[in-house]
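Close look at the chain arrangement
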Amino acid sequence: MSDNASKAETVIADVLIIGGGASGGVAALELQRQGLSVVALEQGEWHDRADFRGDKWDWELATLGRWSPQPETRGRPEDYPIDLSTSDMAAMNFNGVGGGTILYSAVWPRMLPSDFHLHSRCGVGLDWPIDYHTLAPFYDETDRQMGISGMAGDPAYGGTWEPPLPPHPMSPVQLDVARTFHERGWHWWPGPNAVLSAPWDGRRACVQRGTCASGCNEGAKCTIDATHWRKFVEGGGTLLTGARASRITLDDAGLANGGEWIDAAGGQHFQPARIVLCAANGIGTPRLLLASACERFPDGLANGSGQLGRNLMMHPLATVFGWFEKDIESWQGLNGSQLITMEFAETDPRRGFVGGTKWSLHPSGAGPMMEAFKLMVGGCDPRDLHESFARRFGHGLMWAILAEDMPDPENRVVLSETLTDSSGLPAPQLIYTTSDDARASLDHASERSVEIFEAAGAVETQAITPTPYNAHFMGTARMGEDPANSVVDPWCMSHEIPNLGVIDGSVFVTCGTVNPTATITAIALRTARHLAENRQAIAMPEQRAPLVFNAGPAVANAAQTIAAPAPLSPAQRERLAELGDGVILPVDGLPGGGTLAVESGLIDKALEARPDLAEPLARALDDTTISHLHELGQGDPQAWMAAITILAGAYYLHPDVRARIGYAGQEASPVRPDNYPAFIEQGLLDHLLDGSWLAARQADAAIA
């Protein structure tokens, strides 16, 4: 047990925050600045910039492994598994200081003003007990704390939003896309991003390396560890890492008096506190509150309404790719959104479904290994691989399209009866079905977005709708005025336990169409300030003595270490060369992919980066019944994926291959924000700045 943990447990904190992500960091720093003592628990660890692989040779292999957004792929003990046996969407999640912001794409839109009034507009769900104008000053303040880049004046927000930094530059092809919106009179706007376009608050600007989604080496991406948690700790706050909360406890009067937690060695602890705030995301928070059931609350803490865990919203997602003749080096550049459109963000009953979509334009964001990997997994004929790769690599843009997810009490988080985390605690289970409305909305948007790409010059397109995963979890402890249909009040404090609060995406009443983090942080700041200003009015629990430390089994939550794999045998190398040559054929004087990877020794380097793939690779190579790697796909998909990953990883590390495809690696290429002269001078925003787009929308709404 660390000295910090020992000291924290002997002090009754004013506030205990459970979760080291976005909402927890914003609230912790604000409460500390307001003079309250705060202890925070995070079951993951700190990660320095040097931990991220984006500026290193193995970044793509790492993105499919230890820096994957999917916890089941990473396999870290601090992650918790998620039971997806009853869900048609998987969850991307990350545990560590900074939470999901470590790996997010940092797209930073706000909810639209109309998103807070879904029931009034469409008769669906409930209206929020607060509105956009209530949150606006907190949106503005968190924008400044983070360092948000964007352009002022977006009419979708009434023209009042002014990000503190200018937008990131747009490429000529991205401007072609913007031009197609202008020609149609549709909404578009330079994308707001939580990525610095200029130096801010001691951090350097983005260098456009293009590896944002696996961690930012520069500190330019606005991750909460950099923007808030480090300041909190430097100011004397206590953030305990490797601290997995197991339950929140109550005193005899039914007030929260602290939280029990388990350390990495399995030791049991108790942190006393006067106020407890849950900030563990829309899956982790209901999981904890359900696991904290007691005699007073047999169905989970603060669950008198029966709404805890229900109304899970996950933003069904479509991705639409467009490939252009121009080489735009789309493996480089900001992975966030260069362009955003709210043209279809609100319900239009003439479309035949409820809900809308928000589109964000991104570079394709794939290095050579990933581009080839996608083609191989997609069943590309080896005879077409090099030609297909040449058409796509460096030529692509992508729409990420989010569909508004309606609150449905049958979509929910419960405790799994079969799956546990590395501490033996029940894992969360998702019960989730993508609605017909969301599917129809994504289909509608995908068709329109393909039209936009083709009008902008795309020679090939591909739509994936819906994708099988997302990282947005909302609605499972929603706020409201009525305790009968909500879990927390408009200040995010439990109706039934007045000193227990929820400050993450669980409190969303509806989710709109936009990425939720900007709204999550604004809500967290509003709640923290209200708590600080009204601390004297909050009932205080009876004190409970700290739990005596129990060492527990030393390996209960110990980090998993994977031994270096044994070298491939001569027979396995021969087999890999043979099978690999059948997947990546010889081209332009280069031998087949298997031969090149084996003879260069790069296969060993790839296995050094991904030792976890050695065992399934060996299964693939020792299977004498197959004559081609693709035959493994049905019988042993894990072995097939391992073989394809290692083969592509090794082949595209070879300098001769990189020279052939014109790839020098993910280079730092800093650019100055262009202050948007191109699209202003070309008049691509005129229909938005002169009010004609807004007038047309109002006329459409009147007709609908």
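For the structure, check the block above.
Residues numbered from 1 in each chain as written. Predicted model: local features only at pLDDT ≥ 70, side-chain atom pairs only at ≥ 80, totals over all residues. Heavy atoms only, no water.

Here we take up the pairing of strand 12 (residues 357-363). When you tally the buried positions in strand 12, you get seven out of seven residues, the bulk of the element. Residues T357, W359, L361 and P363 of strand 12 are buried on one face, and the alternating residues K358, S360 and H362, pointing to the opposite face, are buried as well. Pairing analysis gives three bridges linking strand 11 (residues 339-341) to strand 12, with the strands arranged antiparallel. By the bridge assignment for strand 12, T341 is matched with W359. The pairing of strand 12 with strand 13 (residues 396-403) spans seven bridges and is classified as antiparallel. Its bridge partner being in strand 13, K358 is matched across the sheet by L402. (Buried < 20%, exposed > 50% of the residue type's maximum accessible area, 1.4 Å probe, protein only. Helix = DSSP H or I, 4+ residues; strand = E, 2+ residues; numbered from the N terminus. Pairing = 2+ DSSP bridges.)

Turning our eyes to something else, we now look at the sheet that holds strand 3 (residues 83-87). With mixed pairing, the three strands of this open sheet are ordered in space as 3-15-14. Single-partner strands in this sheet number two, and they are strand 3 and strand 14 (412-420). Strand after strand, the sheet turns through a mean of 35° between neighbouring axes, direction not considered. For strand 14 and strand 15 (residues 426-432), the ladder comprises five bridges, and the chain directions are antiparallel. When the bridges of strand 15 are listed, V413 appears paired with L430. Sitting on the sheet, helix 9 (residues 281-291) is in contact with strand 14 and strand 15, with an inclination near 70° to strand 14. (Axes fitted to C-alpha atoms, helices over the stretch in contact; angles between N-to-C directions. Contact = heavy atoms within 4.5 Å.)

Within this structure, the stated rule accounts for 35 salt bridges. The salt bridge partner of D55 is K56, with a shortest N-O separation of 2.8 Å. A salt bridge links R244 to D421, with the nearest nitrogen and oxygen atoms 3.3 Å apart. Of the two residues, R244 sits in strand 7 (residues 244-250) while D421 sits in the loop between strand 14 and strand 15, which places them 177 residues apart along the sequence. Owing to a relative accessible area of 2%, R244 belongs among the buried residues under this scheme. (Salt bridge = Lys/Arg side-chain N within 4 Å of Asp/Glu carboxyl O.)

Read from one edge of the open sheet, six strands run 5-11-12-13-10-16, paired in antiparallel fashion. The open sheet has two edge strands, strand 5 (189-190) and strand 16 (458-464), and neither has a second partner. Where helix 11 (residues 385-392) meets the sheet, it contacts strand 10 (317-324), strand 13 and strand 16, and its direction lies at approximately 100° from that of strand 16. Along the sheet, helix 12 (residues 436-455) contacts strand 10, strand 12, strand 13 and strand 16; its crossing angle with strand 13, the most-contacted strand, is approximately 155°.

In terms of backbone geometry, most residues other than glycine have negative phi values and most peptide bonds are trans. Residue P466 follows T465 across a cis peptide bond; omega there is -15°. Despite not being glycine, Q208 shows a phi value in the positive range, around 60°. Relative to the helices and strands, Q208 is located in the loop between strand 5 and helix 8 (224-234). Q208 gets classed as buried once you look at its relative accessible area, which sits at 12%.

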